Amino acid sequence: MPVLALMFNALVWGLSWWPFRQFQAAGLHPLWTTVALYLLSLVVVLLSDRRACAEFLRTPSLWLVMMAAGLTNTAFNWGVALGDVLRVVLLFYLMPLWAVLLARFILGERLTGLAFLRMALALGGAAFVLAPEGGGLPWPASLADGLGLFGGFCFALNNVMLRREAGRSAHARALAMFSGGVFVAGGAAVLMAGGGLITWPALPHAGWLWPLLAMAVLFFFSNLSLQYGAGRLPANVTAIVMLIEVPVAALSALWLGGGHLDLKTAVGGACILAAALLSALERPSRATIET
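Quick look at the structure, then. None of the values given here were measured: they were computed from a predicted structure.

Here we take up the overall build of the protein. Broken down by element type, the protein carries 14 helices and zero strands. For the protein, the succession of helices and strands along the chain, N to C, is α-α-α-α-α-α-α-α-α-α-α-α-α-α. Rg of the C-alpha trace for the protein: 18 Å, near the compact-globule value of 19 Å for 291 residues, within the 12% margin. Judged by the C-alpha coordinates and their principal axes, the protein covers about 50 × 45 × 40 Å. For the protein, buried positions account for 53% of its 291 residues. Pairs at least 24 residues apart make up 87% of the contacts formed inside the protein by residues separated by at least 6 positions. In the form shown here, the protein has an accessible surface area of approximately 12900 Å², with 73% of it arising from carbon and sulfur atoms. Across the protein, the centroid of the 16 positively charged side chains sits 9 Å from that of the 11 negatively charged ones.

On to the pattern of salt bridges. In this structure the tally under the stated criterion is four salt bridges. A salt bridge links Asp-145 to Arg-87; its shortest N-O distance comes to 2.5 Å. Of this pair, Asp-145 sits in helix H9 (residues 143–164) while Arg-87 sits in helix H6 (residues 85–92), and the two are 58 residues apart along the sequence. A relative accessible area of 2% places Asp-145 in the buried class. Relative accessible area serves as the criterion here: at 13%, Arg-87 is assigned to the buried category. Each of the salt bridges in this network shares a partner with another, and the network as a whole consists of Arg-164, Glu-165 and Arg-168.

A word on the side chain of Glu-245. Along the chain, Glu-245 falls in helix H13 (residues 245–256). Buried charge Glu-245 goes without a salt bridge, the closest partner of opposite sign being Arg-21 at 13 Å. A polar contact of 3.0 Å, which involves the side chain of Glu-245, links it to the side chain of Tyr-93. When residues no more than four places from it in sequence are discounted, the contact partners of Glu-245 are Ala-10, Trp-13, Gly-14, Phe-76 and Tyr-93.

Next up on the list: the packing of helix H7 (residues 95–107) against H9. Orientation of H7 relative to H9, taken along the N-to-C sense of each, is 40°, at an axis distance of 8 Å. Judged on the interaxial angle alone, H9 and H7 are oblique. For the pair H7 and H9, the sense of crossing is right-handed. The segment H7 lies against H9, with Met-95, Trp-98, Ala-99, Leu-102, Ala-103, Ile-106 and Leu-107 engaging Leu-149, Gly-152, Phe-153, Phe-155, Ala-156, Leu-157, Val-160, Met-161, Arg-163 and Arg-164.

With 19 residues, helix H3 (residues 30–48) extends 28 Å from end C-alpha to end C-alpha; this agrees with the ideal 27 Å at 1.5 Å per step. Along H3, the residues classified as buried are Pro-30, Leu-31, Trp-32, Thr-33, Thr-34, Val-35, Leu-37, Tyr-38, Ser-41, Leu-42 and Val-45.

Moving on to the packing of aromatic side chains. Counted according to the given criterion, the structure contains 12 aromatic pairs. Arranged with centres 6.4 Å apart and planes meeting at 80°, the rings of Tyr-38 and Phe-219 form a pair that is edge-to-face. You can see Tyr-38 sitting in helix H3 and its partner Phe-219 sitting in helix H11 (residues 209–230), a full 181 residues away along the chain. What makes Tyr-38 buried here is its relative accessible area of 2%. Within the aromatic cluster, the residues linked to one another by ring pairs are Trp-13, Phe-20, Tyr-38, Phe-76, Phe-92, Tyr-93, Phe-155, Phe-178 and Phe-219.

Moving on: the packing of helix H5 (residues 60–82) against H9. Across the interface, H5 lies against H9 with an axial gap of 7 Å and an inter-helix angle of 150°. Overall, the two elements H5 and H9 adopt an arrangement that is roughly antiparallel. As for how H5 packs across H9, the hand of that crossing is left-handed. Every residue of H9 that contacts H5 at Ser-61, Leu-64, Val-65, Ala-68, Ala-69, Leu-71, Thr-72, Ala-75, Trp-78, Gly-79 and Leu-82 is listed here: Leu-143, Ala-144, Leu-147, Phe-150, Gly-151, Cys-154, Phe-155, Leu-157, Asn-158, Met-161, Leu-162 and Arg-164. For the contact of H5 with H9, the class distribution of residues is 17 nonpolar, five polar and one charged.

Thresholds applied
- Numbering of residues begins from 1 in every chain and follows the order in which that chain's sequence is written.
- In view of the model being predicted, local features appear only for residues whose pLDDT reaches at least 70, and side-chain atom pairs are presented and counted only at 80 or more, with totals across whole chains, interfaces and linings using the full set of residues.
- Neither water nor hydrogens contribute to the side-chain values; these are computed over all heavy atoms in the structure.
- Only DSSP runs of H or I with at least four residues qualify as helices, and only runs of E with at least two residues qualify as strands; both kinds are numbered from the N terminus onward.
- In this setup the radius of gyration rests on C-alpha atoms only. A globule is expected at 2.2 Å times the number of residues raised to 0.38.
- Three exposure classes are used, based on accessible area relative to the maximum for each residue type with a 1.4 Å probe and protein chains only: buried under 20%, partly exposed in between, and exposed over 50%.
- Contacts are assigned to residue pairs with any non-hydrogen atoms lying within 4.5 Å of each other.
- The protein chains shown are the only cover counted for residues, whose accessible areas, like all others here, come from Shrake-Rupley with a 1.4 Å probe.
- Lys and Arg are tallied as positive, Asp and Glu as negative. Neither His nor the chain termini are counted.
- Positions of charges follow a simple convention, taking NZ of Lys, CZ of Arg, CG of Asp or CD of Glu.
- What makes a salt bridge here is a side-chain nitrogen of Lys or Arg within 4 Å of a carboxyl oxygen of Asp or Glu, nothing more.
- What qualifies as a polar contact is a pair of N or O atoms within 3.5 Å, subject to a donor-acceptor requirement within protein and to the restriction that residues adjacent in sequence count only when both atoms come from side chains.
- Axes here refer to lines fitted to C-alpha atoms; in helices the fit is confined to the stretch in contact. Angles between the N-to-C directions go from 0 to 180 degrees.
- Angle categories are assigned with fixed cut-offs, so that under 35 degrees is roughly parallel, over 145 is roughly antiparallel, 65 to 115 is roughly perpendicular, and the rest are oblique.
- Two helices that cross are described as forming a left-handed crossing if the nearer one is turned anticlockwise from the farther one by less than a right angle, and a right-handed crossing if clockwise.
- What a helix is expected to span follows from its residue count: subtract one and scale by 1.5 Å.
- Any Phe, Tyr or Trp ring, taking Trp's six-membered ring, that has another such ring centre within 6.5 Å forms a pair; planes under 30 degrees apart are called stacked, those over 60 apart edge-to-face, and the others tilted.
- When residues are sorted by character, Ala, Val, Leu, Ile, Met, Phe, Trp, Tyr, Cys and Pro go into the nonpolar class, Asp, Glu, Lys and Arg into the charged class, and all the rest, Gly among them, into the polar class.

The analysis is restricted to geometry; functional conclusions fall outside its scope.
Here you go:
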């Protein structure tokens, strides 16, 4: 059951790009959709444990978790709705590279030979994915590429901070993550809409609220599934099962026209996934929590 729960979570995230694009086409930018999706989860956590709010407010380190989680969702959800889904997901999964560096500075973890190998694989994979067709330096070719990279960095920061704050209550940590999805994404949406960079929410009719509510419920159960599975399996098993998100996103994007696969992307993706697998296998005794 824990493995099935994690597979369900990975399936939801791997397919999430499609509804984000549908809502965007209907007039609801991915940032507004993110706010709506996490609002339900935030309300449930607040009602289930009133003490979590007080713990969150008096713990500044959890505010950084809120920022990291919020920026992760803001960048990833916007990126997959905007650009090539396969590229965005692969660049997002460069997080083992960022996690090595962040764990060194935040947790004081030693850089091992395997860590350097992971970094080399991840950097090599990124170079393949980002390499321009006509040659030149590997660099993000679009806003979507940049959002994928930034989202992966924020996700790594979120995971490292959650490891640092493992002694805090589960409700307080969940409150920090869901607050990020509501307030960070919401704040970014308000600022960008006010500056004319994105549109204000404008669904064509009230009937669109039903699929939005259904997706919010789905995300709520997806997060519950993650907490259930990750709390009952070794961290390395959790990390490996969660990688199912990558082929789910890739195959669905290729099937539904959300991305394309060429040789350099395939080679780069293989390197990035190899780095992620090494990351999962390196610390079987550590417990991590992911959003």
